[in-house]
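# Chain and residue survey
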Amino acid sequence: MTPLKLRLQAFGPFAGKEEIDFTALGSNPLFLINGPTGAGKSAILDAICFALYGQTAGADRDPQQMRCDHASEEVLCEVSLEFMLGNKRYAIWRSPIQERPRTRGEGVTIKRAEAKLWYLDGSDEGVLWVSKSVNDATNHINTLLGIGVEQFRQVMILPQDKFRELLMADSKDRESIFSQLFETHIYKQIENKLKEQASGIKQAVELHQSKVRGILEGANLDCREQLNIEIESLIPALFQAKSEKDQAHGEVQKQQSEIDKAKTINRQFDELDAKRTDLSLINKQNNDIEVKKALLSQALSAQKIYHLYTNNVECQAAYVSASKYHEQAKLAVSNARSQHRQALSRVETAKLNAGALDDFKTQQIELKRFSHQLTKLSDNKERVTGATAKLASSSQALEQKKCSLGALASELLKKEALVISHTHTLEQVTPLQQALDKLAQKHNERSMLDAISADIAKCLKQQRIDQAQLDNLAQVFEKACTIATQTEIAWHMGQASLLAKELSHDKPCPVCGSKNHPNPAHEDGSNMLVSKEQVGEDRQRETVSRENMQEAKDTLATISNKLETQQNRFAEHSQQLGQYAQMSLAQLEQQQADISRKLASLTNLQLTKSKLNKRIIQIKAQQASSTDDLLVLEAKASNDNNAMIVAQTSANELAAQIPKEHHDAWQLSQSLQQLSATIEQLTVLLREAQTDLAKKQSSFDQASATQKTLLNGLHGQEIRSSKAASDWQQALFNSEFSDTKHFMQAQADESQQHALKQAIASYQTELDSLNAIVKQLWQRLSNKQRSDVSSIEQGLNANTKISAEKDKIWRDLEARYISLVNVSDKLVKAETQNETLNQQYSVIGTLSEVANGNTGNKVSLQRFVLSVLLDDVLIQASQRLHIMSKGRYQLIRKEDRAKGNKASGLELEVHDGNTGKPRSVATLSGGESFMAALSLALGLSDVVQSYAGGIHLDTLFIDEGFGSLDSDSLDAAIRVLVDLQASGRMIGIISHVTELKEQMAKRIDVHSSRVGSSISTIA
Ligand SMILES: Nc1ncnc2c1ncn2[C@@H]1O[C@H](COP(=O)(O)OP(=O)(O)OP(=O)(O)O)[C@@H](O)[C@H]1O
Ligand SMILES: [Mg+2]
């Protein structure tokens, strides 16, 4: 990820809009972010991290707190970052949750955090991937960068006071960072898969063992050996039980067959008795059967002449019926004739009425023509009304347009007047701005005057103190001087008295040569006490106090000089300030505030003016378009007027063509309806009478034809009836029946005949069958007798019981044997499966243990892979650390495994070249830790870059830390960073170390002020 452009507003110490164009620093630059303490250097990193992840770089600052307190409340706190990933560009924008003034009314509302993410595909807008949701934006960034915010904080930036974290991370934390950077999750998946498989096999083994236990328990066995013993012992007992069971079973079968035979013979005797009884019963039915045979014979004779009988009956009935139909037809002919006459007279009447039809039709045509003209007239009137309405509406629109044009013209005049007035007022801006600048300058100068005045007061106070000190020391000196002189005089007096002791009269004095000694010195007690050393000591004290006094004099002179200088500066500044010198800082600030307020109101006025100008342009455009509209509306109104006149003329002409009495459309339509109804009624009446006449004629013709046909039929039937009567009488005479009644009694239909035949036949069949069975049974039982079955059955019951008992004993033994053999089979299978599972576990289980780091060295597969990658990183890191530490340190991986169960394999140590021993990184000094962390971060980005993953660590920001290096180490660190530029990485160093500022040409300077910070870029 390489940042291209960072824009921030009201963020951290930055009150307004700030932009950093990283591209202006050149490709892969090494640059310095410089500025005084608290200027906002770290805040730049916070802004980058916030734009990407919605969290700050140090994690201690809540994004919600990042809204700048200097910013005015209308300004939104927001950050946007344009960045590059590989060769693709993206832009992200975020604003944290913050208070915003209400758009209407007073007070504030809470604006929720928002984010937008674009893929910049080269188009103006780019492609908007996320439009609002902060979580969506963060998820996209996580996927794009391939690292989360925690990793970002450790590998893309070394945040202030936090760089040791990467160095000191334990295996677990480092694994989490590295696995994401090197995308080694596949190895973790292998570990998990192996673990899963091993635990699956283990579970299967346990399941198996419990299954084996279940099998044995199910057979009430404790172990495999008990099973074998029981099977061995069961086999002879099973053979013995089987032979006893078979013997008892044979006995039972034998007795059973005896009983079956006895029962069969007894049953045959019973059957013979029953059949004989049946035979005697059936012989009693013989008379009935003879009567049935006679009835059947008569019925068959009657059946032979039955057709002649029925033919005669039918012919007689047909003749009667034909006579009846003929009479009815005659009646129908007479009815039809009378109806035909009535219909004829109705037609005559209808024809008479229809004579006036032609007149009515002529009238109808005339009225229809008037009705048509009336419709046209009504259409024309509607057209006139429509045209009149259109004309009215277009005239109204025309008037409105004229009015709006007038309003626009008057608004334009007012707005133009206002613009002129505002322009006039706005002329004050420049003088006010100048006055404000001047006041700011005077405020600074006035502050300085106060500072000088305070300094003067301080100097005066010090001067008084120094003068008092000098006076004091002068007194001390004077005293010391007097004491030293007195001591010296006393000493001299002492010496004189010693000389005087040696004087004798007439001997010259060794001092003055006089031989006369009128007043020789003599010892008084005090002179004798003073020694030469005492004189020296007092003189020494005198010299010290003189020096002290001189020193105090010098101090006083220095402060007096300073006082004089400051007083001169005060006078000079007072003169420069002129009238402002008399004003207080508060007054000056009040004046500044007044002018600022005025300027703010003028800025508002400027805004109003530009709005007015915009409105004027709008009005002019509206005027132009309204004038065009006006012309169109005028043309439309004239067209509408012409259309109205044409419609009116045409309506008048039509009205003249229709007689006055037919001008009422409703009445005309009523008359027309009545006339049409009359014509219709007359036409219908005539048509109906004619149709009825035709119908009646046809009915009459049909009735006459029917009568004729029926008369012919009647004659034919008369001849057929007399022949049928003579045939029947002849047949009856020739039959066994005395008369028709006798014949009728002998009648039997098909079913009755069938029943008679059936009864006769079944009687005969049953009789024959019984005779045959009795004969057969009699022959079969000729030399046999009935047996006593119950006594044999008693013996059988006893034997059956014995057999059942033997059978049960055998079955129980056999069931136990089969169950034990099954158990044995199952155990054999289970043992085979168990063997297979154990073999599998010996491979998979061992692999899982090794891959999951459960063996001696506690290094899992993923961690092993990561440790190899870490070694690569450490090779790169050590090269740099070696240079920075002037050949002393190298980073190495800790080989000892961690204590207890803690995961190990990714901890770091340093190898100290001075001692030749490795030791913990925790023992490094502050500066050394910084160098080590920096080397590690650089090594990491080297290896991640060269690793074929999707993550680009092509940027590194280092926030402070350089302050902890001595100048040699600093030089070495900078040399390393300069060398790195060639490897295609952007490196930003945050520091206020002065040497760095002198060494680095490319800089982002952060300037702080009382009203917020600002940024400038020096490329
Ligand atoms: N919401 C805010 N409104 C105004 N100022 C703020 C806000 N939040 C933080 N600040 C101030 O912004 C400044 C920026 O701090 P930052 O940590 O960026 O400084 P720095 O330049 O890194 O300083 P140092 O050299 O000490 O690390 C601090 O003075 C801090 O008090
Ligand atoms: Mg900082």
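All figures in this text were calculated on a predicted structure; none of them were measured in a lab. (Residues numbered from 1 in each chain as written. Chains lettered and ligands numbered in written order. Predicted model: local features only at pLDDT ≥ 70, side-chain atom pairs only at ≥ 80, totals over all residues. Heavy atoms only, no water.)

## Some thoughts on the sheet that holds strand β9 (residues 127–130)
Going by this rule: Two strands pair under a simple rule: DSSP has to find at least two bridges between them. Each helix corresponds to a stretch of at least 4 residues labelled H or I by DSSP, and each strand to a stretch of at least 2 residues labelled E; elements are numbered beginning at the N terminus. In this analysis, axes come from line fits to C-alpha atoms, helices being fitted only over the stretch in contact, and the angle between any two N-to-C directions falls in the range 0 to 180 degrees. By definition, residues are in contact when any of their heavy atoms lie within 4.5 Å.
Ordered by their spatial adjacency, six strands build an open sheet running β2-β1-β4-β5-β8-β9, and the pairing between neighbours is antiparallel. Edge positions in the sheet fall to β2 (14–21) and β9, since each has one partner strand and no second. Each neighbouring strand pair of the sheet contributes to a mean axis angle of 15 degrees, computed without reference to strand direction. Where strand β1 (residues 2–11) and β2 come together, six bridges link them in antiparallel fashion. Directly across from Lys5, in β2, lies its bridge partner Asp21. Seen against the sheet, helix α1 (residues 41–53) touches β1, β2, β4 (78–85) and β5 (88–95) and runs at an angle of roughly 105 degrees to β1.

## Some words on the UniProt feature "domain: Rad50/SbcC-type AAA" (unreviewed entry) in the chain
The criterion, for reference: UniProt positions are given in the numbering used here, feature names are shortened, and annotations may be inferred rather than shown by experiment.
Residues annotated in UniProt with the feature "domain: Rad50/SbcC-type AAA" (unreviewed entry) correspond here to residues 5–264. Split by type, residues 5–264 is 47% helix and 22% strand. Its first and last C-alpha atoms lie 119 Å apart.

## Some thoughts on helix α18 (residues 861–884)
Going by this rule: What a helix is expected to span follows from its residue count: subtract one and scale by 1.5 Å.
In a regular helix each residue adds 1.5 Å, so 24 residues correspond to 34 Å; α18 covers 34 Å between its end C-alpha atoms and thus fits that length. One or two steps after α18, the chain reaches Lys886, where phi turns positive at roughly 50 degrees.

## Some words on the domain arrangement of the chain
Filter applied, for reference: Note that domain bounds follow an automatic or database assignment of domains.
Per the domain assignment, the segments of the chain are domain 1 (1–156 + 954–1019) and domain 2 (224–283 + 770–828). Domain 1 and domain 2 are separated by 106 Å when their C-alpha centres are compared.

## Re the UniProt feature "coiled-coil region" (unreviewed entry) in the chain
Per the UniProt record, "coiled-coil region" (unreviewed entry) is annotated on residues 672–699. In the segment residues 672–699, helix accounts for 100% and strand for 0%; the C-alpha atoms at its two ends are 40 Å apart.

## Observations concerning helix α6 (residues 185–218)
To be explicit about the condition: Residue exposure (1.4 Å probe, protein chains only): buried if accessible area is under 20% of the type maximum, exposed if over 50%, otherwise partly exposed.
Between its first and last C-alpha atoms α6 spans 48 Å; for 34 residues at 1.5 Å apiece the expected length is 50 Å, and the two agree. Inspection of α6 places Glu191, Leu194, Ala198, Ile201, Val205, His208, Ile215 and Leu216 among the buried residues, and these make up the whole buried set. Against α7 (224–283), α17 (789–851) and α18 lie the buried residues of α6. Phi turns positive one or two residues past the end of α6, at Asn220, with a value near 55 degrees.

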